[in-house]
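# Coordinates in review
Residue-level listing of the chains:
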Amino acid sequence: ARALTPQTAETDAIRFLVGTQSLRYDNQIHIIDFDDENNIINKNVLLHQVGEIWHISTSPADKGVLATCYNKTSDTKVMTCAAVWRMPKELESGSHESPDDSSSNTQTLELLCHLDNTAHGNMACVMWEPMGDGKKIISLADNNILLWDLQESSAEAVLSSSAALEGKGQLKFTSGRWSPHHNCTQIATANDTTVRGWDTRSMRQIYCIENAHGQLVRDLDFNPNKQYYLASCGDDCKVKFWDTRNVTDPVKTLEEHSHWVWNVRYNHSHDQLILTGSSDSRVILSNMVSISSEPFGHMVDDDELSDQEDQHQEEKIKEPLQDSVIATYEEHEDSVYAVEWSSADPWLFASLSYDGRLVINRVPRALKYHILL
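What you are looking at is a predicted structure, and each value in this text was computed from that prediction instead of being measured.

## Examining the UniProt feature "repeat: WD" (unreviewed entry) in the protein
Taken from the UniProt record, the annotation "repeat: WD" (unreviewed entry) applies to residues 210–246. Within residues 210–246, the helical portion is 0% and the strand portion 46%, while the C-alpha atoms at the span's ends are 12 Å from each other.

## Considering the domain arrangement of the protein
For the protein, the assigned domains read domain 1 (1–91 + 107–164) and domain 2 (181–294 + 319–372). For domain 1 versus domain 2, the distance between C-alpha centres works out to 22 Å. In this complex, domain 1 contributes 31 residues to the contact, which on the side of domain 2 involves 27 residues. In this assembly, domain 1 packs against domain 2 so that about 2200 Å² is buried in total across both faces, 73% of it on carbon and sulfur atoms. For the pair domain 1 and domain 2, the number of links is one salt bridge. Across the contact surface, domain 1 and domain 2 share three residue pairs in polar contact (both at pLDDT 80 or more). Of all the secondary structure elements, the ones that give two or more residues to the side of domain 1 that touches domain 2 are strand 1 (3–6), strand 2 (14–19), strand 3 (27–35), strand 11 (136–141), strand 12 (144–150) and strand 13 (157–164).

## Topic: a nonpolar patch on the surface
Together, Tyr369, Leu372 and Leu373 line one region of the surface with nonpolar side chains, adding up to about 350 Å² of accessible area. Assignment of secondary structure puts leucine 372 in helix 2 (residues 365–372).

## Side note on the environment of lysine 252
Relative to the helices and strands, lysine 252 is located in strand 21 (residues 252–254). Measuring from C-alpha to C-alpha, the distance between lysine 252 and lysine 240 comes to 5.9 Å, with twelve residues separating the pair along the chain. Sequence-distant contacts of lysine 252, that is, excluding residues within four places in its chain, are made with Val239, Lys240, Phe241, Met288, Ser290, Ile291 and Asp323. In this structure the side chain of lysine 252 is engaged in a polar contact, spanning 3.3 Å, whose partner is the side chain of aspartate 323.

## Let's talk about the packing of aromatic side chains
According to the stated counting rule, one finds seven aromatic pairs in the structure shown. For the pair phenylalanine 241 and tyrosine 266, a centre-to-centre distance of 6.2 Å together with 70° between the ring planes defines the contact as edge-to-face. Here tyrosine 266 lies in strand 22 (residues 261–266) and phenylalanine 241 lies in strand 20 (residues 239–243), a separation of 25 residues in the sequence. With a relative accessible area of 3%, tyrosine 266 lands in the buried category. Look at tyrosine 337 and tyrosine 354: their rings are 5.6 Å apart centre to centre, the planes differ by 80°, and that puts the pair in the edge-to-face class. Here tyrosine 354 lies in the loop between strand 27 (348–353) and strand 28 (358–362) and tyrosine 337 lies in strand 26 (residues 336–341), a separation of 17 residues in the sequence. Residue class for tyrosine 337 comes out buried when judged on its relative accessible area of 15%. Counting every residue linked through ring pairs, the aromatic cluster contains Trp260, Trp262, Tyr337 and Tyr354. Over the ring of tryptophan 262 we find arginine 218, and its NZ or CZ is 3.9 Å from the ring centre. Geometry around tyrosine 229 places lysine 226 over its ring, the cationic atom sitting 4.2 Å from the centre.

## Section: the layout of surface pockets
When its volume is computed, the largest pocket comes out at roughly 1500 Å³. As for the largest pocket, its lining consists of 46 residues, and the residues nearest its centre are His55, Gly176, Arg177, Arg265 and Glu340. For the lining of the largest pocket, the secondary structure elements donating two or more residues are strand 1, strand 5 (53–58), strand 10 (123–128), strand 14 (173–178), strand 18 (217–222), strand 22 and strand 26. Partitioned by chemical class, the residues of the lining of the largest pocket number 23 nonpolar, 15 polar and eight charged.

## Some remarks on the side chain of lysine 240
Mapped onto the secondary structure, lysine 240 falls in strand 20. Here lysine 240 sits buried without a salt bridge, and the closest side chain of opposite charge, aspartate 236, lies 4.4 Å off (N-O distance). With residues up to four places along the chain from it excluded, the contact list for lysine 240 reads Ala212, His213, Leu230, Ala231, Ser232, Pro250, Lys252 and Thr253.

## Quick look at the pairing of strand 28
Taken residue by residue, a regular strand's side chains alternate between the two faces of the sheet. As paired strands, strand 27 and strand 28 are joined by five bridges and run antiparallel to one another. Paired with leucine 348 across the two strands is arginine 362, which belongs to strand 28.

## Here's the deal with the sheet that holds strand 19 (residues 229–234)
By way of backbone hydrogen bonds, the strands of a sheet pair with one another, either parallel or antiparallel. Read across the sheet, four strands follow the order 18-19-20-21 without closing on themselves; strand pairing throughout is antiparallel. Lying at the two open borders of the sheet, with one neighbouring strand each, are strand 18 and strand 21. Across this sheet, the average inter-strand angle for adjacent strands is 20°, counted without regard to direction.

## A few points about the pattern of salt bridges
Evaluation of the coordinates by the stated rule reveals 16 salt bridges. Between glutamate 10 and lysine 63 there is a salt bridge whose closest N-O contact spans 3.4 Å. Placement of the pair is glutamate 10 in the loop between strand 1 and strand 2 and lysine 63 in the loop between strand 5 and strand 6 (65–74), with a sequence separation of 53 residues. A relative accessible area of 27% places lysine 63 in the partly exposed class. For arginine 362, the salt bridge identified is with aspartate 36, shortest N-O distance 2.5 Å. Placement of arginine 362 in strand 28 and of aspartate 36 in the loop between strand 3 and strand 4 (40–48) is noted, with a sequence separation of 326 residues between them. What makes arginine 362 partly exposed here is its relative accessible area of 35%. For aspartate 36, a relative accessible area of 33% corresponds to the partly exposed category. Several salt bridges share partner residues, and in doing so they unite Asp62, Arg86, Lys89 and Glu92 into one network.

So, how was this worked out
Residues numbered from 1 in each chain as written. Predicted model: local features only at pLDDT ≥ 70, side-chain atom pairs only at ≥ 80, totals over all residues. Heavy atoms only, no water. UniProt positions renumbered as here; feature names shortened; annotations may be inferred. Helix = DSSP H or I, 4+ residues; strand = E, 2+ residues; numbered from the N terminus. Domains from an automatic or database assignment. Contact = heavy atoms within 4.5 Å. Buried area = accessible area lost by both parts, 1.4 Å probe. Salt bridge = Lys/Arg side-chain N within 4 Å of Asp/Glu carboxyl O. Polar contact = N/O pair within 3.5 Å; in protein donor to acceptor, adjacent residues only side chain to side chain. Patch = residues over 30% accessible without salt bridge, like charges linked within 9 Å, V, L, I, M, F, W, Y side chains within 5 Å. Areas by Shrake-Rupley, 256 points an atom, 1.4 Å probe, with all protein chains shown as cover. Phe/Tyr/Trp six-rings, centres within 6.5 Å; stacked < 30°, edge-to-face > 60°. Buried < 20%, exposed > 50% of the residue type's maximum accessible area, 1.4 Å probe, protein only. Lys NZ or Arg CZ within 6 Å of the ring centre and 35° of its normal. 1 Å grid on protein atoms, 1.4 Å probe; cavity = no way out; pocket = protein on both sides within 12 Å on 5 of 7 lines; lining within 4 Å. Points joined across faces, edges and corners; volume = space filled by probe spheres on them. Nonpolar A, V, L, I, M, F, W, Y, C, P; charged D, E, K, R; others polar. Lys, Arg positive; Asp, Glu negative; His and termini not counted. Pairing = 2+ DSSP bridges. Axes fitted to C-alpha atoms, helices over the stretch in contact; angles between N-to-C directions.

Below is the structure:
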C-alpha cells in the first residue's frame with residue numbers, strides 16, 4: 001500500500017482511508033476508524049476493482065465522496081487514470097462498529113465519473129479545492145494541470161481550464177498541493193527538482209523555485225496559518241521550508257532522514273508540528289517553532305507577573321524558541337510512503353508503509369500540554 005488520506009470532511013470521528021496495490025487480487029480501499037477511548041481500530045473494506053491505487057483524496061465537503069488515481073492495463077500499456085467515487089451510504093460517517101464477519105461483507109465503490117485523461121497522459125494526483133463545496137478538482141497528468149468542475153451530484157467532470165509545462169526533456173509532475181490561502185486561487189506543483197506556483201484563475205505560473213532539491217521533489221505542503229510558507233521534500237533526503245515571496249533560498253532545511261523523503265505534512269492547527277515519512281522506514285515529528293505562526297510561544301499577560309519575573313519574562317519572550325526533532329518513530333520495517341494528520345484530532349497521525357502496515361501515533365503528551373498551556 002502507498003495511498004493514505006484522512007477523511008477530510010469528517011471532523012468528529014478519527015478516520016483514515018488506505019488504498020492497496022496488489023497485482024494478484026482485486027484492490028481495496030480500507031476505511032480505518034480509530035476508537036480513541038478504547039484504543040481499538042475498526043476496519044471496513046471496499047472493493048476498488050479497476051486497479052492498483054497510487055493516490056487517494058477525499059472531498060472536503062462530502063464524507064461519502066473520494067477520488068483515486070489507479071493503474072489500468074490495456075494492450076500491454078499501463079495508464080494511470082483517475083476517477084471520483086461514492087462509498088455506500090452506511091459507511092459515510094465514522095465511528096460505527098465493524099461487522100463481525102468482514103469477509104462476507106465487502107462492498108463496492110460506486111463510480112461517479114472518470115477524470116478523462118486520454119489526451120493528457122498519466123495522472124499523478126488529484127487535489128480538491130480545500131475550502132470549497134467539493135465541486136472543484138485539479139489533477140496533474142504528466143506535464144498538464146487540469147482544472148475540473150464536478151457537475152450535478154458529481155456524475156460528470158467537465159474540464160474547465162488547463163495549463164502545460166513547457167521546456168526540454170520529459171516533463172512530468174510528481175505531486176501538488178492546493179493552497180488554502182488567497183481564496184484558494186493558488187496551487188504548488190513539483191516536477192523533477194523544481195517547485196512552481198500557479199494561479200488557478202489564469203493558469204499561469206506565479207513563482208518558480210529551480211533546483212529546490214538536489215534530486216526529485218516528492219511532496220509539498222502549505223503552512224495552514226502562514227500564507228506564504230511552503231514545505232517541500234525529496235530524494236536528497238531533505239525537507240525544506242520556503243517563503244514563496246523570496247525563493248532564492250529556503251528559510252530552513254531539515255536533514256534528519258537518511259533516504260528519500262516521500263511525504264511532508266503540516267499539522268492543521270499547530271503549524272510548528274511537521275510530520276515526515278521516508279524510505280529509511282522512519283517517521284519523524286519535528287517542532288519547527290522558529291518559522292511557525294507563534295515563534296515566541298504564547299504571549300503572557302502582564303498582570304500575572306511580578307516585577308522581577310517581568311524582567312526575566314521580557315528576556316525570555318525575545319528569544320525565539322528552538323527548533324528540534326520531537327520524536328522518531330521506527331515501527332515500520334519498510335519504506336514509509338505516506339504520513340497524514342487526522343482531520344478530527346490535531347494530536348493524532350497515521351503512517352503507512354509499503355508492506356501494508358498502518359501505524360497510528362499521537363503527539364507526546366508533554367509537548368501537547370506545552371503547546372496548549
